[in-house]
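Geometric and topological summary
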Amino acid sequence: MTDQLFLSTMQGIKSTQTPIWMMRQAGRYLAEYRAVRAKQTDFISFCLNPEQASAVTLQPIARYGFDAAIIFSDILMVPWAIKRNVQFKTGIGPLLDAMDKPDDIDRSCLRRLDEKLAPVGKALELTKTALQGKTALIGFAGAPWTLITYMAEGGSSRDFPKARQWAWQETKALEGLLSILVEATVSFLSLQAKAGADVLMLFDSWASAVPASQRDWLVVKPARSIVEGVRANGHRQPMIGFPRGIGEGLIQYAAESGVDSVGLDHGVDPVWAGKNLPAKMPVQGNLDPLSLLNAGPEMFRDIDHILDAFHDRPHIFNLGHGITPPTPVENVQKMIDHIRNR
Ligand code: 1CP
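Not measured: the values here are computed from a predicted model.

**Points about helix α6 (residues 113–131)**
Residue pairs spaced three or four apart in an α-helix point in one direction, given the helix's 3.6 residues per turn. Taking 1.5 Å per residue, 19 residues should reach 27 Å; α6 reaches 27 Å between its end C-alpha atoms and fits that length. Residues of α6 that are buried include every one of Leu113, Leu117, Val120, Gly121, Ala123, Leu124, Thr127 and Leu131, and no others. Elements in contact with the buried residues of α6: α3 (43–47), α4 (50–64), β1 (68–70), α5 (77–81), β4 (136–142) and α9 (171–194). Phi turns positive one or two residues past the end of α6, at glutamine 132, with a value near 50°.

Structure, rendered in structure tokens:
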């Protein structure tokens, strides 16, 4: 309930209470979110409307008293700011200008990035004030590889054939694109840190598509450059990395990316993570969001299993991925009550 619990856990302190928040906690499973969403003309303008973005960020805090708020924004705000013509179409998802080659864009796209993303900073400022220091505030960005999957294909995709082919055939040009996105992400996270984010999170949602032999340059090193860039700008906020679906690759990611904490997807066995990740590193996760659809005895068993596996390390309870729109709101409350009343 207080930002002390979430922030102290992020700093490596284990408490008797486990802090809780959920990925996509501000979203379509909430009627109060859908009511605000229905009044928006388009999703990007919604993200760039500081008052509205702040209002929906606060909705799950008002309803559930989560230990952290995550700013309402999107990982595709960076591709939007570098002029990839990002749009969200109802029933389809994101649509962008697809790229033929990784060197279709150059560094000139970075001009005016801060100016274009300034409304996200304003939304963080409003939210920070509204939270009154009682709840921690998380700022976030998409990791370069995940952004590239959308930028290459021009939208969501199942197997990311273009981005993966580039990884084998266009290595030099892809290095260039990675470095442009590292720079953009450092700027965006720094802007959020300056605006009052207490913690920064890097979502590499499609790290799962990277072959193990290529993880180092496509996932780990870009994360490291981003952490270093944010630190070089003078920001000390703890950082969470979420390289979704990389399994045993978490060992290298935790050791070398420079992040302070890792998010675990629900494919990771918490007992394995407990044994294999650095002993004092805070971890976040990792209940399957679909277990919340019926909130049966299996869900409570899994919650207990996760909490038991991390009983001796700093742990932030979260889902293994975003909560899904059909989730009944009362089931989220049951999850929270179970964790808080243990
Ligand atoms: O109209 C709507 O309401 C669309 C749904 C929606 C929402 C609520 C989208 C479209 N984005 C968001 C907000 C959002 N996105 C947040 C807000 C804060 C919170 O968590 O409550 C966050 C953190 C994100 C991050 C995000 N966007 C990720 C990384 C996390 C993840 O889920 O893996 C990704 C991959 C996106 C891209 C995205 N945004 C939206 C869609 C439909 C997609 C494409 C997803 C896909 O390709 O499957």
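More follows now that the structure is in view.
**Some points on the site of the ligand**
With respect to spatial proximity, 23 residues lie near the ligand, and among them Tyr33, Arg37, Tyr150, Ser156 and Ser205 are the closest. Within the contact set of the ligand, an oxygen atom lies 2.6 Å away from a side-chain nitrogen or oxygen of tyrosine 150. Between the ligand and histidine 321 there is a distance of 2.6 Å, counted from an oxygen atom to a side-chain nitrogen or oxygen. Relative to its unbound accessible area of 890 Å², the ligand is 87% covered by the protein chains. Of the residues assigned to the shell around the ligand, the class counts are 14 nonpolar, 5 polar and 4 charged.

**Considerations on the packing of helix α7 (residues 144–153) against helix α8 (residues 161–169)**
Two numbers describe how α7 lies on α8: the axes approach to 7 Å, and their chain directions differ by 115°. Relative to α8, the element α7 is oriented roughly perpendicular. Considering only the axes of α7 and α8, their crossing is right-handed. In contact with Trp145, Ile148, Thr149, Ala152 and Glu153 of α7, α8 contributes Pro161, Lys162, Ala163, Arg164 and Trp166. Among the residues making up the contact of α7 with α8, the classes are represented as 6 nonpolar, 1 polar and 3 charged.

**Concerning the nonpolar core**
Grouped together as the largest cluster of nonpolar side chains are 123 residues, with contacts concentrated most on Phe6, Trp21, Val262 and Met335. With 12 residues, the single largest contributor to this core is α9.

**Regarding the pairing of strand β6 (residues 239–243)**
Across the 5 residues that make up β6, a large majority, 5, are buried. One ladder, built from 5 bridges, connects strand β5 (residues 199–204) with β6; its direction is parallel. Residue pairing for β6: leucine 202 is matched across the bridge by glycine 241. In this region the chain leaves β5, passes through helix α10 (residues 215–232) and returns to the parallel neighbour β6; the handedness of that crossover is right-handed.

**Some points on the environment of glycine 65**
Note on placement: glycine 65 falls in the loop between α4 and β1. A residue is classified by how much of its surface remains accessible, and glycine 65, at 12% relative accessible area, is buried. C-alpha separation for the pair glycine 65 and glycine 234, spaced 169 residues apart in sequence, amounts to 31 Å.

**A short note on the side chain of threonine 9**
Relative to the elements of secondary structure, threonine 9 occurs in helix α1 (residues 3–10). For threonine 9, a relative accessible area of 2% translates into the label buried. Those residues in contact with threonine 9 that lie beyond four places of it in its chain are Gln4, Pro19, Pro282, Pro314, His315 and Ile316.

**Looking at the sheet that holds strand β9 (residues 315–319)**
Taken in spatial order, the 7 strands of this open sheet run β1-β4-β5-β6-β7-β8-β9, and their pairing is parallel. Edge positions in the sheet fall to β1 and β9, since each of these pairs with one other strand and no more. In this sheet, neighbouring strand axes are inclined to one another by 25° on average, regardless of whether the strands run parallel or antiparallel. In the sheet, β6 pairs with strand β7 (residues 261–263) via 2 bridges, with the strands oriented parallel. When the sheet's bridge partners are listed, glycine 241 is paired in β7 with valine 262. Along the sheet face, α6 touches β1 and β4 and points at about 155° away from the line of β4.

About the criteria used
- Residues numbered from 1 in each chain as written.
- Predicted model: local features only at pLDDT ≥ 70, side-chain atom pairs only at ≥ 80, totals over all residues.
- Heavy atoms only, no water.
- Helix = DSSP H or I, 4+ residues; strand = E, 2+ residues; numbered from the N terminus.
- Expected span 1.5 Å × (residues − 1).
- Buried < 20%, exposed > 50% of the residue type's maximum accessible area, 1.4 Å probe, protein only.
- Contact = heavy atoms within 4.5 Å.
- Near = heavy atom within 4 Å.
- Polar contact = N/O pair within 3.5 Å; in protein donor to acceptor, adjacent residues only side chain to side chain.
- Areas by Shrake-Rupley, 256 points an atom, 1.4 Å probe, with all protein chains shown as cover.
- Nonpolar A, V, L, I, M, F, W, Y, C, P; charged D, E, K, R; others polar.
- Axes fitted to C-alpha atoms, helices over the stretch in contact; angles between N-to-C directions.
- Parallel < 35°, antiparallel > 145°, perpendicular 65-115°, else oblique.
- Left-handed = near helix turned anticlockwise from the far one by under 90°.
- Core = buried A, V, L, I, M, F, W, Y, C linked by side-chain atoms within 4.5 Å.
- Pairing = 2+ DSSP bridges.
- Right-handed = clockwise from strand over helix to strand, strands pointing away.

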